[in-house]
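The chain contents come next:
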Amino acid sequence: METIVRTIMPDREFLGHVFKLALPIAFQQLMLSLSSCADTLMLSGVGQNELAAVSLATQFQFLFSLFTAALTLGMSILVAQYWGAGNRDAVERVLGFVMLYAGMLSTAFFLAALRVPEQLMSIMTNDGTLIMLGARYLRISSLSYLFIGLSQMYLCLMKNTGSAVMGMTVSTVGVIVHVVLNAALIYGIGSLGIPALGIFGAAISTVISRAIELTWSVVATRRGPYLRLGHVLHPDGPLQKDFWKYSLPVLGNELVWGCGFTMYTVIMGHLGADAVAANSIANIVKDLLVCLSLGLGNAGGILVGNLLGRGDFRQAKAMGDRMCVLVAVVGTATGLLIVAARPLALQWANLTPEATRYLSVMLFVCAYYAACGCMTNLTIAGIFPAGGDAKFGLMCDAIVMWLIVVPVGLLAAFVFKLPVLVVYALLNTDECIKMVPALLHYRKYRWLRNVTR
């Protein structure tokens, strides 16, 4: 195998090719992570309750991201294959109906966050203060959902049509605007007459930055594949069939995984404000440091999809093998980096002594969780769907999360009433469990046999 791989793409050429695509995607992922956690990060200086409340409120945005992820992944599979085959018209038709779905989805989440924020927060926690603060944030930031859904589709298009750097630039500017406005609106600038708005300021800055991101995304794609009104109003039937063939298993997988992950947050949310705050900071550290691994996983799916779209099955198999080795190395390094960042996170977090104790141990758990998650991201979320084999991920997540981890977590927290850190460690075993069947399934190479040709 090694001889075949080196013949197809030598080490230096392979790394250069992969990182040329992965680094912009990783940086874009970093920007998205910074944007999503910027509110929580800056509200840590306002108070622990504000930090915990917004962290729980953004779980609703996380749920929204699961739906958009299914749309973007289904879109990526088709666009990567058709763009690789030089079929621009098919790419534009795919863009048309995906934008229609994204608009409908964004409207639904906007209305829910605007009309019933208290009910949404009561699912996440039974703490009255956190419910009140989180509902305020949700109601004001609800408008941002109308912008996020559409901008993510444009960024996905750029990533898969050779404009990943432009997508990275758009995301970077969006984050910079978000952070600057956060600082100004959360803490206020007395000399400019800007009052300190706290949670309200965080929500307002989210809306403004997302609107700018969407506007620039539209402008940035003016020379690429066009969004044509006719393709939106009259979606292409055969392409939609292919799209849903890929997207429905992915959507099921995203919902099974994401709702399971949200259940982890719900369980932690009922263990007290200290547990919520510590979990929030731990997730922020993990999310910021796994971006390179996520970028590699995303790039692996795109590169394999391009090769499969051209019918180069031998090269696609070799590319997948090399990506697995590379991601294993980077994933291990990511786990070590989280451990190395632990002292800084503990010093910066500004939590109560009990929450700080929780965080100290949680970061060690995040290290092994992130290392295992890098490999499952490449295989389950990248290579398998690129080859039209998304059903395995759905089955794997359904069994591991809903038949093992979530029931164990519920029993540990509410029946046996085990310590918070024991519950947290049990809730963070899913990626380690999934990694074994994912690698075994990868080695069967069934994902090479399901490509639309």
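Residues numbered from 1 in each chain as written. Predicted model: local features only at pLDDT ≥ 70, side-chain atom pairs only at ≥ 80, totals over all residues. Heavy atoms only, no water.

A. The arrangement of helix α17 (residues 420-427) in detail. Along α17, the positions that sit buried rather than exposed are V420, L421, V423, Y424 and L427. Along α17, the residues classed as buried sweep out an arc of 160° about the axis, all on the same side. Summarising the contacts, the buried residues of α17 are in contact with α11 (237-269), α12 (273-289), α15 (353-386), α16 (391-415) and α18 (430-442). (Buried < 20%, exposed > 50% of the residue type's maximum accessible area, 1.4 Å probe, protein only. Helix = DSSP H or I, 4+ residues; strand = E, 2+ residues; numbered from the N terminus. Arc of directions from axis to C-beta. Contact = heavy atoms within 4.5 Å.)

B. Seen up close, the packing of aromatic side chains. For the coordinates displayed, the defined rule picks out 17 aromatic pairs. Aromatic side chains F64 and Y145 sit 5.2 Å apart centroid to centroid with 80° between the ring planes, which places their arrangement in the edge-to-face category. Residue F64 is found in helix α3 (residues 48-84), and its partner Y145 is found in helix α7 (residues 144-160); the two are separated by 81 residues along the sequence. Through a chain of ring-to-ring contacts, the aromatic side chains of F60, F64, F67, F109 and Y145 assemble into a single cluster. (Phe/Tyr/Trp six-rings, centres within 6.5 Å; stacked < 30°, edge-to-face > 60°.)

C. Structural view of the side chain of T161. Within the secondary structure, T161 is located in the loop between α7 and α8 (164-187). Residue classification places T161 among the buried positions, given a relative accessible area of 11%. Of the polar contacts made by the side chain of T161, one reaches the backbone oxygen of L157; its length is 2.7 Å. Other than its neighbours up to four places away in sequence, T161 contacts V79, W83 and P225. (Polar contact = N/O pair within 3.5 Å; in protein donor to acceptor, adjacent residues only side chain to side chain.)

D. Focus on the confidence of the model for the chain. Per-residue pLDDT for the chain has a mean of 86; in total, 94% of the residues score no lower than 70. The element-level mean pLDDT for the chain is lowest in helix α1 (residues 2-8), coming to 46, with α17 highest at 96. The low-confidence segment residues 1-8 (pLDDT under 50) makes 11 contacts with residues lying over four places distant or belonging to another chain. (pLDDT = per-residue confidence, 0-100.)

E. Quick look at the nonpolar core. In this structure, V18 and M362 are the most contacted members of the largest nonpolar core, which totals 75 residues. No other element matches the 17 residues that α15 contributes to this core. Not counting the four nearest positions on each side in its chain, V18 is found in contact with L296, A299, L303, M319, M323 and L326. (Core = buried A, V, L, I, M, F, W, Y, C linked by side-chain atoms within 4.5 Å.)

F. A look at unusual backbone geometry. Positive phi values are uncommon outside glycine, yet N350 reaches one of about 60°. When you line up the elements, N350 lands in the loop between α14 (313-348) and α15. Judged by relative accessible area, which is 56%, N350 ranks as exposed. The phi torsion at K417 lies on the positive side, around 50°, for a residue other than glycine.

G. Inspection of the packing of α15 against α17 at higher detail. Between α15 and α17, the shortest axis-to-axis distance is 10 Å and the interhelical angle comes to 15°. It follows that α15 is roughly parallel to α17 by the angle criterion. Considering only the axes of α15 and α17, their crossing is right-handed. Along its contact with α15, which presents R357, Y358, V361, M362, V365, C366 and Y368, the element α17 presents V420, L421, Y424 and A425. (Axes fitted to C-alpha atoms, helices over the stretch in contact; angles between N-to-C directions. Parallel < 35°, antiparallel > 145°, perpendicular 65-115°, else oblique. Left-handed = near helix turned anticlockwise from the far one by under 90°.)

H. Main features of the packing of α3 against helix α4 (residues 88-115). The interhelical angle for the contact between α3 and α4, taken along N-to-C directions, is 180°, at an axis separation of 10 Å. By the criterion of interaxial angle, the relationship of α3 to α4 is roughly antiparallel. Residues F60, L63, F64, F67, T68, L71, M75, L78, V79, Y82 and W83 of α3 form the contact with α4, whose own contacting residues are A90, V91, V94, L95, V98, Y101, A102, L105, S106, F109, A112 and A113. Along the lines of polarity and charge, the residues of the contact of α3 with α4 split into 21 nonpolar, 2 polar and no charged. (Nonpolar A, V, L, I, M, F, W, Y, C, P; charged D, E, K, R; others polar.)

I. Inspection of the side chain of T68 at higher detail. Mapped onto the elements of the fold, T68 is located in helix α3. Judged by its relative accessible area of 7%, T68 is buried. Apart from the residues lying within four places of it in its own chain, the contact partners of T68 are L105, G149 and M153.

J. Here's a closer look at the pattern of salt bridges. Applying the stated criterion to the full structure yields 9 salt bridges. Here E213 ties to R210 by a salt bridge, and the two come within 3.2 Å at their closest N and O atoms. Linking E213 with R210, this pair stays in helix α9 (residues 199-220), spanning 3 residues, or about one helical turn. We note that E213, like R210, is buried. In this structure, D321 and R443 form a salt bridge, with 3.8 Å as the shortest nitrogen-oxygen distance. (Salt bridge = Lys/Arg side-chain N within 4 Å of Asp/Glu carboxyl O.)

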